[in-house]
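Structural overview
Each chain, letter by letter, is given below.
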Amino acid sequence: MNTLLDVSDRLYLDVADFAHSTPHWFQVLAEVWTEAGLLVFGALFLAGWWRSRDGSSRMMALALLAPLATAFGYVVSEALKSLIDEERPCRAVVGAPASLVTCPPHGDWSFPSNHSAIAGAAAIALALSWRGLVWLTVPMALLMAFSRVFVGVHYPHDVTVGLLLGGLVAFLFMRAAVRPVGNLVETARSSRNPAVVWCAGRGPRAHAPAHAERPRRARHGAY
């Protein structure tokens, strides 16, 4: 275990030295991405919900569960962080250059990385609810995790565990909840409340009557 931590320390120093050798604009971009990535994931959640309004109940259920699964991934990560009091590398690693962002205060522990857990959970949750998006969400999550080491506030093992933990929690959460939430979506779509129906969407059946009318009209015209 100590050997792995030593490797992580050396990797942290290598990344920190690399970060300080990059242009200032690149450093600023990395700093912005550590937070802006969360906003991009949020926008994708909204887009996924919107496109699912005309989809199946299962499709809508997965879209609704995606942000919830991400939030649950964060909760699990934060609970683990409170049990493992690992100091931030920007304060603990001897000889490390100054972090590019302000080092979090003592008591804001390092392991695992909450940002990485959120990114991993969001990447997997969106991939499950919107299959073609996996080629975007996974690289986003990896870049977001790397940026936390790049700016100097996490060890490599912090972000690695954060990604895996968030992704696993999101996967299990969505697998367990998709059926009951799908049933709730079915109920919501049959509601008489327009606001509820608008939120849940009408599903693919909303377009069925228009298509069904055409053959009947054609047959009547033939007579």
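Scroll up for the structure.
The following paragraphs examine the structure supplied in this document. What you are looking at is a predicted structure, and each value in this text was computed from that prediction instead of being measured.

Scanning the chain from terminus to terminus reveals 9 helices and 0 strands. The helix and strand sequence of the chain, counted from the amino end, reads α-α-α-α-α-α-α-α-α. The buried share among the 223 residues of the chain stands at 42%. Intrachain contacts of the chain at a sequence separation of at least 6 include 78% that bridge at least 24 residues. If you sum the accessible surface of the chain, you get close to 12,400 Å²; carbon and sulfur atoms cover 68% of it.

Looking now at the nonpolar core. Nonpolar side chains in soluble globular proteins tend to be buried together. Phe41 and Phe150 are the most contacted members of the largest nonpolar core, which has 40 residues in total. Contributions of two or more residues to this core are made by α1 (2-21), α2 (24-51), α3 (57-83), α5 (114-129), α6 (134-150) and α7 (156-189). Ranked by residues supplied to this core, first place goes to α7 with 8 residues. Not counting the four nearest positions on each side in its chain, Phe150 is found in contact with Val15, Phe18, Ala19, Thr22, Phe26, Gln27, Ala30 and Leu100.

This part is about the environment of Trp50. Note that Trp50 resides in helix α2. Spatially, the C-alpha atoms of Trp50 and Cys199 are 8.8 Å apart, while their sequence positions differ by 149 residues.

As a further point, take the environment of Arg51. In this structure, Arg51 sits in helix α2. With a relative accessible area of 35%, Arg51 lands in the partly exposed category. Counting along the chain gives 79 residues from Arg51 to Trp130, while the straight-line C-alpha distance between them is 9.4 Å. With sequence-adjacent residues up to four places away left out, Arg51 is seen in contact with Met59, Ser129 and Trp130.

This brings us to the pattern of salt bridges. Charged atoms that come close allow side chains of opposite charge to pair. This model, assessed by the stated rule, comprises 2 salt bridges. Where Glu87 meets Arg91, a salt bridge forms, and the shortest distance between an N and an O atom there is 3.2 Å. Here Arg91 falls in the partly exposed class, since its relative accessible area comes to 38%. A salt bridge links Arg88 to Asp108; the nearest nitrogen and oxygen atoms lie 2.9 Å apart. A residue pair is termed long-range when its members are at least 10 positions apart, and Arg88 in the loop between α3 and α4 (89-92) and Asp108 in the loop between α4 and α5 qualify at 20 residues. In this structure Asp108 comes out as partly exposed when scored by relative accessible area, which is 31%.

Analysis parameters
- Residues numbered from 1 in each chain as written.
- Predicted model: local features only at pLDDT ≥ 70, side-chain atom pairs only at ≥ 80, totals over all residues.
- Heavy atoms only, no water.
- Helix = DSSP H or I, 4+ residues; strand = E, 2+ residues; numbered from the N terminus.
- Buried < 20%, exposed > 50% of the residue type's maximum accessible area, 1.4 Å probe, protein only.
- Contact = heavy atoms within 4.5 Å.
- Areas by Shrake-Rupley, 256 points an atom, 1.4 Å probe, with all protein chains shown as cover.
- Core = buried A, V, L, I, M, F, W, Y, C linked by side-chain atoms within 4.5 Å.
- Salt bridge = Lys/Arg side-chain N within 4 Å of Asp/Glu carboxyl O.

Bear in mind that shape data such as this cannot, by itself, settle questions of function.
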